[in-house]
Each structure stands twice: as structure tokens, then as C-alpha cells.
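Below, each chain spelled out in residue letters.
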Amino acid sequence: MIEATETSAPTVEEIRRFALPAGTELVGGLIGLARPVLWVRVAQLEHSSLGRIESGDLVLLAGSVAGRSSRHSSLANLLSRLAQMGAAGVVTMTGVPPGAGAIANAIGIPLLKLPSDSKLREIEKRTIALIINRQAEIEQRGVQIYRELAQQAIDNLGIEAIAEKLVELTGKLVAVEDSALSLQLLAVPPNSTVTREELQVSLRDSADPEGWFAGQSMVITSPPVALRHLNAPGWARYVAPIVVRDRVDSYLSLIGPEQELDEIDRIATGPRRRSLRDRNGEESGN
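Residues numbered from 1 in each chain as written. Predicted model: local features only at pLDDT ≥ 70, side-chain atom pairs only at ≥ 80, totals over all residues. Heavy atoms only, no water.

## A look at the layout of surface pockets
Link 1 in the chain: Estimated volume of the largest pocket: approximately 980 Å³.
Link 2 in the chain: Around the largest pocket, the lining comprises 33 residues; the ones closest to its centre are Glu13, Arg16, Thr170, Gly171 and Asn191.
Link 3 in the chain: When contributions to the lining of the largest pocket are tallied by element, the ones reaching two or more residues are helix H1 (12-18), strand E1 (25-28), helix H6 (158-170) and strand E10 (247-257).
Link 4 in the chain: Within the lining of the largest pocket, the residues separate by chemical class into 15 nonpolar, 11 polar and 7 charged. (1 Å grid on protein atoms, 1.4 Å probe; cavity = no way out; pocket = protein on both sides within 12 Å on 5 of 7 lines; lining within 4 Å. Points joined across faces, edges and corners; volume = space filled by probe spheres on them. Helix = DSSP H or I, 4+ residues; strand = E, 2+ residues; numbered from the N terminus. Nonpolar A, V, L, I, M, F, W, Y, C, P; charged D, E, K, R; others polar.)

## Remarks on the sheet that holds strand E2 (residues 39-44)
Link 1 in the chain: Spatial ordering of the open sheet is given by E1-E5-E4-E3-E2, a layout of 5 strands whose pairing is mixed. For this open sheet the edge positions go to E1 and E2, each flanked by a neighbour on one side alone. Each adjacent strand pair in this sheet contributes to an overall mean axis angle of 25°, direction not counted.
Link 2 in the chain: Pairing of E1 with strand E5 (residues 111-113), which is carried by 3 bridges, proceeds in the antiparallel orientation. By the bridge assignment, glycine 28 is partnered in E5 with leucine 111. (Pairing = 2+ DSSP bridges. Axes fitted to C-alpha atoms, helices over the stretch in contact; angles between N-to-C directions.)

## Focus on the pattern of salt bridges
Link 1 in the chain: Inspection of the entire model under this criterion finds 10 salt bridges.
Link 2 in the chain: A salt bridge links glutamate 54 to arginine 41, with the shortest nitrogen-to-oxygen separation between them at 3.6 Å. Residue glutamate 54 is found in the loop between E2 and strand E3 (57-62), and its partner arginine 41 is found in strand E2; the two are separated by 13 residues along the sequence.
Link 3 in the chain: Its relative accessible area of 29% is what places glutamate 54 among the partly exposed residues.
Link 4 in the chain: With its nearest N and O atoms 3.4 Å apart, the salt bridge here joins lysine 165 to glutamate 168. Remark: glutamate 168 and lysine 165 occur in helix H6; sequence separation between them is 3 residues, near one turn of the helix.
Link 5 in the chain: Overlapping salt bridges, with partners in common, bring together Arg17, Lys172, Asp262 and Asp265 in one network. (Salt bridge = Lys/Arg side-chain N within 4 Å of Asp/Glu carboxyl O. Buried < 20%, exposed > 50% of the residue type's maximum accessible area, 1.4 Å probe, protein only.)

## Some details on the sheet that holds strand E7 (residues 183-187)
Link 1 in the chain: An order of E7-E6-E10-E9-E8 is seen for the 5 strands of this open sheet, with the pairing classed as antiparallel. Whereas interior strands pair on both sides, the edge strands pair on one side only; in this sheet they are E7 and strand E8 (226-229). Each neighbouring strand pair of the sheet contributes to a mean axis angle of 25°, computed without reference to strand direction.
Link 2 in the chain: Looking at chain direction, strand E6 (residues 173-178) and E7 are connected through 4 bridges and run antiparallel. Across the sheet, residue alanine 175 finds its bridge partner in E7, namely leucine 186.
Link 3 in the chain: Each of E6, E7, strand E9 (235-244) and E10 touches H6; the most contacted strand, E7, lies at about 45° to it.
Link 4 in the chain: Along the sheet face, helix H7 (residues 196-203) touches E6, E7, E9 and E10 and points at about 120° away from the line of E7. (Contact = heavy atoms within 4.5 Å.)

## Things to note about H7
Link 1 in the chain: Every buried residue of H7 is accounted for by Leu199, Ser202 and Leu203. Within H7, the buried residues cover an arc of 95° as seen down the axis, which keeps them to one side.
Link 2 in the chain: Each element contacted by the buried residues of H7 is listed here: E6, E7, E9 and E10. (Arc of directions from axis to C-beta.)

## Examining the nonpolar core
Side chains of nonpolar character tend, in soluble globular proteins, to be buried together.
Link 1 in the chain: By size, the foremost hydrophobic cluster in this structure holds 20 residues, and its most contacted members are Ile15, Leu20, Val37, Leu58, Leu60, Val91 and Leu114.
Link 2 in the chain: Taken together, the elements giving at least two residues each to this core come down to H1, E2, E3 and helix H4 (120-132).
Link 3 in the chain: For this core, the leading source of residues is H4, giving 4 residues.
Link 4 in the chain: If you look at the next biggest cluster of nonpolar residues, it comprises 17 residues, including Leu185, Leu252, Leu254 and Ala268. (Core = buried A, V, L, I, M, F, W, Y, C linked by side-chain atoms within 4.5 Å.)

## Observations concerning the side chain of serine 250
Link 1 in the chain: Its location among the elements puts serine 250 in strand E10.
Link 2 in the chain: A relative accessible area of 4% places serine 250 in the buried class.
Link 3 in the chain: In terms of polar contacts, serine 250 uses its side chain to reach the side chain of aspartate 249, at 3.2 Å. (Polar contact = N/O pair within 3.5 Å; in protein donor to acceptor, adjacent residues only side chain to side chain.)

In C-alpha cells:
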């Protein structure tokens, strides 16, 4: 069996985004999302043993973790045992009791709850595929994002619609600032509580934005991307210039907790082309 090394392995967050179905909920354990996943194991809770769990495994629980009384199946004991065994994270489909998030947070292990109609064996196969060929999977996802954004541009839907599409595809906040870093547009995920005022404060950066990309070519079809920390502790953004007629017209940012920003977010920020402009003015020569 071929397993990933830590340097090539996807993180729990990458598994969540690219192998688990839409609607998967992070119940708790946010701090552990950056852990590498070396392999995936299905554990049967109906049996007294969890089976052979190794360090770096993502554990798919087949069965409910609610309402069980044995020492092996109480949630706190279960998560503690898996953490001690070195599990990278735990995925379950049903029966997550109240307080599960607090337990996962205290232990520091990600606990993910799947939609009720999920099929564990299909998820296991997708996860293994991502582990074995992470870079190809990431590149494929990048191409999918590119195509969806390109279609938005072809349809002449404008930067607002494209920003909303980026939110849908990445789950991150999307901001557009003018060349003086004045916030022009903010698109947020449905569950976000961040306000425009809070974001403006956190985006303040004393550095000259031109210095972020010093010595790099400003190419419309493939502009440079910088990772910048925000004033809000633990938050960061990928930022890229939007280039119009060989000059920086504005800046596009994907924003979120730094440990949740990944290679897909960088790719989504980077291949910024005319699709991130309402092209009517440029095409008409205005």
C-alpha cells in the first residue's frame, strides 16, 4: 500500500474541501485542520476495538457516537483514544451529541460531521485518491475554478458576480480594493459574521502595496500572488493585483483564518485575468 509522506500529504482541511461532500460540518477541533493526513481508515463502532489506527490516519466512523455508554464509545473517551493513537481527524455521519465541539476543541482533534446521505466507502475512495495524488487533484480543482470564473466573465456578469462565485467555490471572504487600498467590494460566505467595518480595520497594512510584488511581472493572465497577515490575529489573505492596460487597477483578496488558507485559495486568487473586471469599459475603449 502506498501512503503519503508528511511533506506530500494533504491536510485535514484539504480533505474536507476536496474529498468530503458539500454540507460537511466542522463540529470542533479547528486548531487541527492543518494536520497532514497520511491515510484513511474506516472504524466500526459496533465492535469493541477501533481497529488498527496509525499516526496520521483520518478516521471514518461507521456508526453513531451518541447514546452509547461503554468506555470505548463515549465521545470524550473515543476522541481521546484516537488522539493518543495519532489520528489526524475524525469523520462521522450521524449521532454527534451536544458538546461534541467543545470536546474536540479541548483535545485539539478535528471532528467532522457528514451529511446523513453520505456513503463512507465513496468518501474513503476519494480521500485515498487525494492522498496518493494530491498535486494532480489540486491542479484539477484549480482548473475547475478557472473554468467557472471564466464562464462568469464570458457571460459579462461583472466583478460582483465573480466575487460571489469565488465565495461559493472557496468558502472564503473576497475583497476588492482600489489601487490606494480603499475597500470597494466585499463578498462573504453565508455563515460569516465579519462586517465591512471590521474587515477594513483588519486589512490596514502599513506596507506599500507595490512592495508586495516588487520585481514581479504584472501579467494580466497570471499576476503574482502574495500572502499577507492581517491586523486581526490569526487571519491572513492571499492578494493579487488586477491588471488593466499594464497597470495595477485594483487588488483582489481571498481572506480567512491563516491555517485554513491553502493552495487552492492561492490558485483561485492567482489566475486573475479580465474575468475579474466588468469588461465592458475596457472592450469599448472607455
